[in-house]
Amino acid sequence: GPLEEMSLPLFFGWFLLSSVQDKVRCTSMDFLKTLDTLEVFKKHLSDFTGKAEKEVDLEQYFQAKGTLHCTTKFCDYGKAPGAKEYAQNTTVKEFYGSAFELSLSALFVTPRTVGARVSLTEEQLLLWPADPEEEAGSTSLPRGSRAHITLGCAEHVEPVQTGLDLLEIETLQQEHQQGEPIEEMELGSLTYYGEGRWLLTLREPICTPACFSSFYG
Ligand code: 2AM
């Protein structure tokens, strides 16, 4: 009935503590600012603007999307397949409300989204649903490959796109399309994967405390 549906959230996930949210946002802004100034980025600017000569302010281009979090299971208030099973899973119940430390190992930018890749531990993978990678058609990637934090979306782009963009980049990586190594930046090494897809592998992963919980909205 409707009451039962109400009891399932929009999604489950790890929510970053508010003090570290600012730090992660700053790091991401710094990255966008730096990327914007690189000649090699300007060379590929048409990926973002459609016109080679136009300029783009990446900090304006992407809009922030609420509290920073890493979605584990999108439940859509019970309408998503497997939502009920996930909510009733004993591990999910056991860890609900617990603190975790997430490791952000890379930042990525596409013409649609900007996000952070989250490298899950074995324990964290216990909270990862069975099939979010397969749902997206990426059957050969390891579990947890889709784990990410959406940092911003271009106009008219929904946050669900961020995980799909990450999977696309990881599929290219797995197919040994090494990408074009661009340069060493202060934060790490930057690689270009074509079509406006940039990946910054962080020299030092950002470790951030996060609470496993759910969001009703
Ligand atoms: P995100 O995890 O990439 O940020 C509410 O919309 C949250 O659920 C957002 O965080 C969003 O994307 C995520 N979300 C929305 N639709 C989704 C879907 N179909 N699959 C997985 N996550 C989804």
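Residues numbered from 1 in each chain as written. Predicted model: local features only at pLDDT ≥ 70, side-chain atom pairs only at ≥ 80, totals over all residues. Heavy atoms only, no water.

Engineer: Can you lay out the confidence of the model for the protein chain for me, pointing to particular residues and giving the numbers?
Structural biologist: Model confidence for the protein chain is summarised by a mean pLDDT of 92, while 95% of its residues fall at 70 or above. Predicted complex metrics record ipTM = 0.98 and pTM = 0.94. (pLDDT = per-residue confidence, 0-100.)

Engineer: Could you give an account of the pattern of salt bridges, with specific residues and numbers?
Structural biologist: All told, the structure shown has six salt bridges when counted by the stated rule. A salt bridge links E39 to K42, with the nearest nitrogen and oxygen atoms 3.8 Å apart. On the criterion of helical spacing, the pair formed by E39 and K42 is a turn pair, its members being three residues apart in helix α3 (residues 39-43). Taking relative accessible area as the criterion, E39 reaches 59% and is therefore assigned exposed. Note that R197 and E168 form a salt bridge whose closest N and O atoms lie 2.7 Å from each other. Taken as a pair, R197 in the loop between β8 (188-192) and β9 (198-215) and E168 in helix α10 (residues 160-174) lie far apart in primary sequence, 29 residues in all. (Salt bridge = Lys/Arg side-chain N within 4 Å of Asp/Glu carboxyl O. Helix = DSSP H or I, 4+ residues; strand = E, 2+ residues; numbered from the N terminus. Buried < 20%, exposed > 50% of the residue type's maximum accessible area, 1.4 Å probe, protein only.)

Engineer: Talk me through the environment of L127; I want residue IDs and the actual numbers.
Structural biologist: Secondary-structure assignment places L127 in the loop between α8 (122-125) and α9 (132-135). In this structure the C-alpha to C-alpha distance between L127 and T90, which are 37 residues apart in sequence, comes to 9.8 Å. Excluding anything up to four places from it in sequence, L127 contacts W14, T72, Y86, T91, V92, F95, F100 and F212. (Contact = heavy atoms within 4.5 Å.)

Engineer: Which residues make up the side chain of R197, and what values do they have?
Structural biologist: Taking relative accessible area as the criterion, R197 reaches 8% and is therefore assigned buried. A polar atom in the side chain of R197 sits 2.7 Å from the side chain of E168. A polar side-chain atom of R197 sits 2.9 Å from the main-chain carbonyl oxygen of G194. (Polar contact = N/O pair within 3.5 Å; in protein donor to acceptor, adjacent residues only side chain to side chain.)

Engineer: Please set out the state of the cysteines residue by residue, giving values where relevant.
Structural biologist: The tally for this structure, following the rule as stated, stands at zero disulfides. Left without a disulfide partner, C153 is nearest to the cysteine sulfur of C70, which lies 15 Å away. A residue is classified by how much of its surface remains accessible, and C153, at 0% relative accessible area, is buried. Counting only cysteine sulfurs, C70 is the nearest neighbor of C207, a cysteine outside any disulfide, at a range of 14 Å. You can call C207 partly exposed: its relative accessible area is 45%. (Disulfide = S-S within 2.5 Å.)

Engineer: Please set out the packing of aromatic side chains residue by residue, giving values where relevant.
Structural biologist: Throughout the structure, instances matching the rule amount to 14 aromatic pairs. Between W14 and F100 the ring centres are 5.8 Å apart and the planes differ by 70°, which places this aromatic pair in the edge-to-face class. Residue W14 is found in strand β1 (residues 11-16), and its partner F100 is found in strand β4 (residues 99-109); the two are separated by 86 residues along the sequence. Taking relative accessible area as the criterion, W14 reaches 0% and is therefore assigned buried. Taken together through their ring pairs, the aromatic side chains of F12, W14, Y86, F95, Y96, F100 and F212 make up a single cluster. (Phe/Tyr/Trp six-rings, centres within 6.5 Å; stacked < 30°, edge-to-face > 60°.)

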